[in-house]
Amino acid sequence: MAQISGPSIDPRTGFCESNSVFYSKRKPIALPPNQSLDITTFISSRAHHGKTAFIDAATGRHLSFSELWRAVDSVASCLSEMGIRKGNVILLLSPNSIFFPVVCLSVMSLGAVITTTNPLNTPREIAKQISDSKPVLAFTTRQLVPKLADSKLPIVLLDEELAIPSIEAKIITTLGKMMKRQPSGSRVRDRVDQEDTATLLYSSGTTGASKGVVSSHRNLISMVQTILGRFFLEDGEHIFLCTVPMFHIYGLVAFAMGILASGSTVVVLSKFEMHEMLSSIEKYRATYLPLVPPILVAMMNGRNQIKGKYDLSSLQTVLSGGAPLSKEVIEGFLEAYPTVKILQGYGLTESTGIGASTDSLEESRRYGTAGMLSPSMEAKIVDPQSGAALPVNRTGELWLRGPSIMKGYFSNEEATTSTIDSEGWLRTGDVCYIDDDGFLFVVDRLKELIKYKGYQVPPAELEALLLSHPEIADAAVIPFPDKDVGQYPMAYVVRKGGSNLSESNIMDFVAKQVAPYKRIRKVAFVASIPKNPSGKILRKDLIKLATSKL
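Everything numeric here is computed off the predicted structure, so don't read it as measured data.

Rules used in this analysis
Residues numbered from 1 in each chain as written. Predicted model: local features only at pLDDT ≥ 70, side-chain atom pairs only at ≥ 80, totals over all residues. Heavy atoms only, no water. Core = buried A, V, L, I, M, F, W, Y, C linked by side-chain atoms within 4.5 Å. Buried < 20%, exposed > 50% of the residue type's maximum accessible area, 1.4 Å probe, protein only. Helix = DSSP H or I, 4+ residues; strand = E, 2+ residues; numbered from the N terminus. Contact = heavy atoms within 4.5 Å. Expected span 1.5 Å × (residues − 1). Bend = angle between axes of the 7 residues up to and from the residue. Phe/Tyr/Trp six-rings, centres within 6.5 Å; stacked < 30°, edge-to-face > 60°. Lys NZ or Arg CZ within 6 Å of the ring centre and 35° of its normal. Salt bridge = Lys/Arg side-chain N within 4 Å of Asp/Glu carboxyl O. Axes fitted to C-alpha atoms, helices over the stretch in contact; angles between N-to-C directions. Parallel < 35°, antiparallel > 145°, perpendicular 65-115°, else oblique. Nonpolar A, V, L, I, M, F, W, Y, C, P; charged D, E, K, R; others polar. Left-handed = near helix turned anticlockwise from the far one by under 90°.

Draft legend 1. Structural context of the nonpolar core. Counting 67 residues, the largest nonpolar core has Ile-39, Ile-43, Leu-79, Met-108, Phe-139, Phe-255 and Met-257 as the members making the most contacts within it. Among the elements that make up this core, the one with the highest residue count is helix 7 (residues 249-262) (10 residues). Apart from the residues within four sequence positions on either side, Met-108 is in contact with Asp-38, Ile-39, Thr-40, Ile-114, Ala-198, Thr-199, His-217, Leu-220 and Met-257.

Here it is as structure tokens:
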């Protein structure tokens, strides 16, 4: 642990009384002094002894590090010849794949911007992101092409085969063909600076509407350095099983960037399925396994069947994020799997990943904590009412500042200034406190997001959709607690006079228009939606009503 110097900084808590700032107790990360540096070059120039970069869990197909960097160079050359330049946005619509990082790293090496989207999203949801981010090209799979049918975007297929009846005209080539091209030494190379935009990922942020989060090459470099420091990967090659989606900030920075920079191997699951995950641990001798809490709980509850059927002896560490684990869950899991360590993390798309984490079993045993602040990260705990910064063990909104904090929201100055203040503090919307030893505890959320299996579901989006129904007069959506998925969306609905809308009618109406994780799973009919004098939905009252019978 780094020694914190300074006359007024408490080495135990990291708190400075003179400015009410909490400073990270971890060793600061080193950022490269060369400003003309992109994230791809930063990762590829790291000296390591790794041999295999990526393995497809289902097929066993793999990319060595040398094959990976050759592919990145070839694809970047092809994109340059297509006219892709610095600042152009490229859409990537794909499930997890060993080729996902190839596309991202190629795009970012040119100074172009990668925007990813969830393959489960509907064409309507994807069209909204396209309209906002204005990509000039899309990479996708044959199966997902229909979701881009109305976009008119030129498409590069991640599959080998070109033939797609009726929409062939939009397909310009395949990634496989691009990877086989000899890199061009004469390609146009724009100067890329660390402050230039690298990724544009969409998040519901601290309010309901989805917004593009602008992250720079510097943001990504700082997160790669954080990941390398967190896992102490210099002690040799490890095998990580990638179960989390690469379109999400954590999957992207960890598995397409940070782990790659270490020389470790990433085994990629195209989608999560319990049997495939467990058999892949056994087959590939995985040492690190990232999870969301519901999967960890399922492993704990199914310990007898799992241990009788799968050899998990290689597994050293489980990484959990999305929600804090309870004392009962941590102890139950460690009892079931005594040789496996649990590490936890807290972060946002806006913080480019990890903002706090537990980096050892000893830290994880501080039950209920999200961990200590990431290297070079600063925090404030702010009273939401008075705006006053609070000391140790006081609860308020968590504000974060550091080298990985986003540049802002894409083309949304109003949302940016309401989320990041003039001094660079990111208002997270999470209610937290920091204890006597510098550990962060997440108590509640000011923001109104529903967390379904780690996915963020904005109530405002579902409410707007419900209000578009001709027989609905008013609606409110709340998180309903569930032991298997964390929370799911529940709707309170006011029917228009004479309507006989049923619960199933409403659930079907929403299900046709949103990704599966956003679906309404419970409906209650009410005479009116409780609101404050300014018209804001009193969600806490509805949550209390919904959970009073539990």
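Draft legend 2. Representation of helix 7 within the structure. Taking 1.5 Å as the rise per residue, helix 7 with 14 residues should run 20 Å; its terminal C-alpha atoms sit 18 Å apart, in good agreement. Helix geometry: helix 7 is bent most strongly at Phe-255, by close to 30 degrees. Counting buried residues in helix 7 gives 13 out of 14 residues, a clear majority hidden from the surface. Gly-263, located one to two residues past helix 7, shows a positive phi value of around 90 degrees.

Draft legend 3. Quick look at the packing of aromatic side chains. For the structure shown, the criterion picks out 8 aromatic pairs. Seen in terms of ring centroids, Phe-240 and Phe-255 are 6.4 Å apart; in terms of plane orientation they differ by 70 degrees. Their pairing is edge-to-face. Taken together, the positions of Phe-240 in strand 12 (residues 239-242) and Phe-255 in helix 7 put the pair 15 residues apart, joining distant regions of the chain. Here the two residues Phe-240 and Phe-255 agree in accessibility, since each one is buried. Considering the side-chain rings of Tyr-433 and Phe-441, the 4.9 Å spacing of their centres and the 5 degrees angle between planes classify their relative orientation as stacked. On the basis of relative accessibility, which here comes to 23%, the residue Tyr-433 falls in the partly exposed class. According to the relative accessible area criterion, Phe-441 is buried, its value standing at 10%. Cluster of aromatic residues (ring-pair linked, three or more members): Phe-240, Tyr-250, Phe-255 and Tyr-288. Here the basic side chain of Lys-211 rests over the ring of Tyr-409, its NZ or CZ set 4.9 Å away from the ring centre. Across the ring face of Phe-480, the terminal group of Lys-522 is positioned such that the distance to the ring centre comes to 5.1 Å.

Draft legend 4. The arrangement of the pattern of salt bridges in detail. A full pass over the atoms with the stated rule returns 17 salt bridges. Look at the salt bridges and you will find they share partners, linking Arg-12, Arg-366, Asp-435 and Asp-437 into a network.

Draft legend 5. Local environment of the environment of Trp-69. Along the polypeptide, Trp-69 turns up in helix 2 (residues 65-81). Counting along the chain gives 183 residues from Trp-69 to Leu-252, while the straight-line C-alpha distance between them is 17 Å. Residues contacting Trp-69, with those up to four places away along its chain left out, are Thr-40, Ile-43, Ser-44, Leu-105 and Leu-260.

Draft legend 6. Representation of the packing of helix 8 (residues 274-284) against helix 9 (residues 293-301) within the structure. Packing of helix 8 against helix 9 leaves a shortest axis separation of 12 Å and a crossing angle of 75 degrees. The angle between helix 8 and helix 9 falls in the class roughly perpendicular. Residue-level contacts link Met-274, Met-277 and Leu-278 of helix 8 to Ile-295, Ala-298 and Met-299 of helix 9. In terms of residue class, the contact of helix 8 with helix 9 is made up of 6 nonpolar, no polar and no charged.

Draft legend 7. Local environment of the packing of helix 9 against helix 11 (residues 327-336). The interhelical angle for the contact between helix 9 and helix 11, taken along N-to-C directions, is 50 degrees, at an axis separation of 9 Å. Viewed along their axes, helix 9 and helix 11 adopt a mutual orientation that is oblique. Helix 11 is crossed by helix 9, and the crossing has left-handed handedness. Only Glu-328, Val-329, Gly-332 and Phe-333 of helix 11 make contact with helix 9, whose side of the interface consists of Leu-296, Val-297, Met-299 and Met-300. In the contact of helix 9 with helix 11, the residues fall into 6 nonpolar, 1 polar and 1 charged.

By themselves, these are just geometric observations and shouldn't be taken as functional.
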